[in-house]
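# Descriptive analysis of the structure
Take a look at the letters that make up each chain.
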Amino acid sequence: MSEREFTTPSGFPVRPVYRPDDDPVDYAGDLGDPGQFPYTRGVQPTMYRGRLWTMRQYAGFGTAAETNRRFRMLLDAGQTGLSVAFDLPTQMGIDSDSPRALGEVGRVGVAIDTVEDMHVLLEGIPLEKVSTSMTINATASTLLAMYIVVAEERGIPRDRVSGTIQNDILKEYIARGTYIYPPEPSLALISEIFRFCAADVPNWNPISISGYHIREAGATAVQELAFTFANAIEYVTRAIDTGLGVDTFAPRLSFFFAAHNDLFEEVAKFRAARRLYARIMRDRFQSSEASARLRFHTQTGGVTLQAQQPLNNVVRVTVQALAAVLGGTQSLHTNGYDEALSLPTEEAATLALRTQQIVANESGAALTADPLAGSYYVEHLTNELERKAVELLQKVDELGGAAKAIGASFFQEEIARSAYEYQLSVESGRTVIVGVNKYADANDPPVIATPDYSALERDQVQRLAAVRAARDPQRVAAAMAALREGSRAYAAPSSASRVPRAPLMALIIDAVRARASVGEIADTLRDEWGTYHPA
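What follows concerns the overall build of the protein chain. Assigned secondary structure in the protein chain consists of 21 helices and 10 strands. Here the protein chain has a C-alpha radius of gyration of 23 Å; the compact-globule value for 535 residues is 24 Å, and the two agree. In the protein chain, which comprises 535 residues, the proportion classed as buried is 55%. When the accessible area of the protein chain is evaluated, it comes to approximately 21700 Å², of which 52% is carbon and sulfur surface. Positive and negative side-chain charges of the protein chain, numbering 52 and 65 respectively, have mean locations separated by a distance of 3 Å.

Pasting the structure below:
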């Protein structure tokens with residue numbers, strides 16, 4: 001009987017044992033001490049001894065008031081940063097009273113229509129002390145404007161607020177689907193957000209370039225790295241083309257990765273990511289070292305959660321959280337064990353946070369930087385992940401960069417192939433999922449009570465109507481007319497447009513101050529830019 005072949009989820013063969021001469025490491029060139037280029041071992045010299053990662057649990061459902069209550073509960077339980085999930089209409093630039101929003105209001109996140117909702121969402125939360133991450137893309141400029149106006153109307157200066165908007169539209173075309181506008185104006189708006197944040201909101205990360213959703217769509221760890229950094233190269237190139245110096249915005253770029261179940265491949269992935277990014281920024285863009293430090297948030301893998309035997313998910317999440325910490329993440333969200341069934345209950349959300357706190361305080365993983373460095377296996381995987389990601393990046397370069405590769409469906413087809421191969425592996429039993437295709441039982445998944453979404457929708461529509469009735473219609477009309485005029489030059493590529501571009505973020509902020517809604521602002525931009533339809 002021949003020996004079974006073992007591989008990692010990305011397909012790397014795994015030998016029975018690894019020795020020093022299997023994959024020699026150049027310590028100075030490939031590793032370096034933590035805090036030193038190429039940052040393989042971490043971006044800070046002492047990592048978590050100086051400061052733990054930010055514990056940023058993702059939350060958002062129903063109305064702003066309900067989500068605010070969950071935020072307060074998590075902060076009282078020891079969470080150290082906020083992370084906001086928005087409902088699908090908010091993400092797609094559709095107001096809650098639109099027929100297109102029917103049945104979706106508040107279902108997968110919080111419904112935000114106007115800045116009055118944002119005031120309720122953030123009530124009682126000290127914005128000058130707590131950083132906030134917002135998972136929002138096509139309408140990211142509007143939600144950032146709302147956050148700034150809330151701070152402004154509380155008397156908090158812009159330079160005192162901190163946080164992140166996801167604002168990563170390329171991965172929406174690749175994997176997630178919450179796009180509105182075509183690529184050219186979308187990319188131009190992102191460059192404008194880079195400019196605005198660098199000038200006006202220096203503690204805000206203007207983008208979180210996301211490998212997470214690429215991985216959730218079925219990508220391997222190699223594809224997660226390569227496609228995320230291909231998108232990053234596109235954003236940096238576009239911003240430089242508009243006249244921004246790389247070091248004016250790149251130190252505030254942030255990233256978002258998934259943590260899946262293979263502990264060692266995931267740790268190696270994070271280490272390879274830092275090294276690869278540092279080399280990209282130095283070699284392609286001649287950036288400073290501050291711009292070459294990869295800072296990232298991690299979320300445990302949503303697609304790894306199973307409805308069957310849901311308590312098993314507690315163990316999966318723990319392994320994934322440990323991988324993120326051993327890999328040197330700056331921020332972490334741990335999923336609730338019941339999220340394959342519903343939005344997380346309060347019990348599950350609290351346990352997910354406690355999982356992070358136990359890893360931080362009881363596991364010993366935070367005591368020293370990069371504790372798995374020097375493992376023959378981990379160093380081999382780190383090298384292999386970087387090598388394979390570079391090969392895939394070269395294919396994207398040959399296609400002309402990320403935007404053109406998306407237009408050619410390269411990313412989409414590569415991910416679809418990986419997803420199909422993984423599903424075949426699960427169905428054949430080669431990939432074991434405990435409680436699903438092995439050690440299963442006859443019990444049905446538990447039923448978890450869900451909110452009355454119809455009542456939530458009625459309440460939200462009434463709130464929106466009240467804001468519209470109270471606002472000054474002439475002020476709204478003037479703000480929207482200025483936004484329409486200012487948006488026109490954004491439809492052409494920056495290299496082709498000879499028309500100076502207006503500071504669009506200032507115009508969006510003016511519209512938000514006037515109590516214009518997310519949908520009204522998005523519709524104005526739709527009228528000028530059109531909508532994206534994949535080939």
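Okay, the pairing of strand S9 (residues 296-300) next. Of all 5 residues in S9, 5 are buried; the element is thus mostly enclosed. Residues Phe 296, Thr 298 and Thr 300 point to one face of S9 and His 297 and Gln 299 to the other, with burial holding for every one of them. Inspection of the sheet shows strand S8 (residues 254-259) paired to S9 by 5 bridges, in the parallel sense. Its bridge partner lying in S9, Phe 256 is registered against His 297. Of the pairings in the sheet, the one linking S9 to strand S10 (residues 331-333) comprises 3 bridges and is parallel in character. Bridge assignment links His 297 to a residue of S10, and that residue is Ser 331. Regarding the hand of the β-α-β motif, the stretch spanning S9, helix H13 (residues 312-326) and S10 is right-handed.

Assignment of secondary structure puts Ser 208 in strand S7 (residues 208-210). Here Ser 208 falls in the buried class, since its relative accessible area comes to 7%. If we skip the residues at most four places from it in the chain, Ser 208 touches Thr 164, Ile 165, Gln 166, Asp 168, Ser 254, Phe 255 and Phe 256.

What follows deals with the packing of aromatic side chains. Summed over all chains, the structure comprises 23 aromatic pairs. Look at Tyr 212 and Phe 256: their rings are 4.8 Å apart centre to centre, the planes differ by 5 degrees, and that puts the pair in the stacked class. Here Tyr 212, found in helix H8 (residues 212-216), pairs with Phe 256, found in strand S8; they are 44 residues apart in sequence, far enough to count as distant. The class for Tyr 212 is buried, based on a relative accessible area of 5%. The buried category is assigned to Phe 256, whose relative accessible area is 6%. Pairing Phe 229 with Phe 255 gives two aromatic rings, centres 5.6 Å apart and planes at 65 degrees, and the pair type is edge-to-face. Of this pair, Phe 229 sits in helix H9 (residues 221-241) while Phe 255 is found in strand S8, placing the two residues 26 residues apart along the sequence. Neither Phe 229 nor Phe 255 differs from the other in exposure class; each is buried.

A cluster of nonpolar side chains, namely Val 432, Val 434 and Tyr 439, defines an oily patch on the protein surface of about 290 Å² accessible area. Tracing the chain through its elements places Tyr 439 in the loop between helix H17 (410-428) and helix H18 (453-470). Taking relative accessible area as the criterion, Tyr 439 reaches 58% and is therefore assigned exposed.

Strand order in this open sheet of 5 strands is S2-S3-S4-S5-S6, and the pairing throughout is parallel. Either end of the sheet is taken by a strand with one partner, and the two such strands are strand S2 (58-59) and strand S6 (204-205). As paired elements, S2 and strand S3 (residues 82-85) share 2 bridges and run parallel to each other. The residue bridging Tyr 58 from the neighbouring strand is Ser 83, located in S3. Those strands touched by helix H5 (residues 140-153) are strand S4 (132-135), strand S5 (163-165) and S6, and its axis lies near 150 degrees from that of S4.

Attention shifts here to the packing of helix H15 (residues 376-398) against H17. Direction vectors running N to C along H15 and H17 enclose 145 degrees, while the axes themselves pass 11 Å from each other. Residues Leu 392, Lys 395 and Val 396 of H15 lie in contact with H17, whose contacting residues are Phe 410, Phe 411 and Glu 414. Tallied by class, the residues present in the contact of H15 with H17 amount to 4 nonpolar, no polar and 2 charged.

Note: strands within a sheet are paired through backbone hydrogen bonds, in either parallel or antiparallel orientation. In space, the 5 strands of this open sheet follow the order S1-S10-S9-S8-S7, with parallel pairing throughout. For this open sheet the edge positions go to strand S1 (54-55) and S7, each flanked by a neighbour on one side alone. The pairing of S7 with S8 spans 3 bridges and is classified as parallel. Looking at the pairing, Ser 208 lines up with Ser 254 of S8. Of the strands in this sheet, S7 and S8 touch H9, which is tilted by about 165 degrees from S8. Docked against the sheet, helix H11 (residues 263-285) engages S8 and S9, running at close to 160 degrees with respect to S8.

Moving on, we come to the pattern of salt bridges. This structure, assessed with the given rule, holds 38 salt bridges. With its nearest N and O atoms 2.8 Å apart, the salt bridge here joins Glu 386 to Arg 275. One end of the pair, Glu 386, is in helix H15; the other, Arg 275, is in helix H11, with 111 residues separating them in the sequence. Here the residues in one salt-bridge network are Asp 95, Asp 97, Arg 468, Arg 471 and Glu 520, joined through shared partners.

Rules used throughout
- Residues numbered from 1 in each chain as written.
- Predicted model: local features only at pLDDT ≥ 70, side-chain atom pairs only at ≥ 80, totals over all residues.
- Heavy atoms only, no water.
- Helix = DSSP H or I, 4+ residues; strand = E, 2+ residues; numbered from the N terminus.
- Rg over C-alpha atoms; globule rule 2.2 N^0.38 Å.
- Buried < 20%, exposed > 50% of the residue type's maximum accessible area, 1.4 Å probe, protein only.
- Areas by Shrake-Rupley, 256 points an atom, 1.4 Å probe, with all protein chains shown as cover.
- Lys, Arg positive; Asp, Glu negative; His and termini not counted.
- Charge placed at Lys NZ, Arg CZ, Asp CG, Glu CD.
- Pairing = 2+ DSSP bridges.
- Right-handed = clockwise from strand over helix to strand, strands pointing away.
- Contact = heavy atoms within 4.5 Å.
- Phe/Tyr/Trp six-rings, centres within 6.5 Å; stacked < 30°, edge-to-face > 60°.
- Patch = residues over 30% accessible without salt bridge, like charges linked within 9 Å, V, L, I, M, F, W, Y side chains within 5 Å.
- Salt bridge = Lys/Arg side-chain N within 4 Å of Asp/Glu carboxyl O.
- Axes fitted to C-alpha atoms, helices over the stretch in contact; angles between N-to-C directions.
- Nonpolar A, V, L, I, M, F, W, Y, C, P; charged D, E, K, R; others polar.

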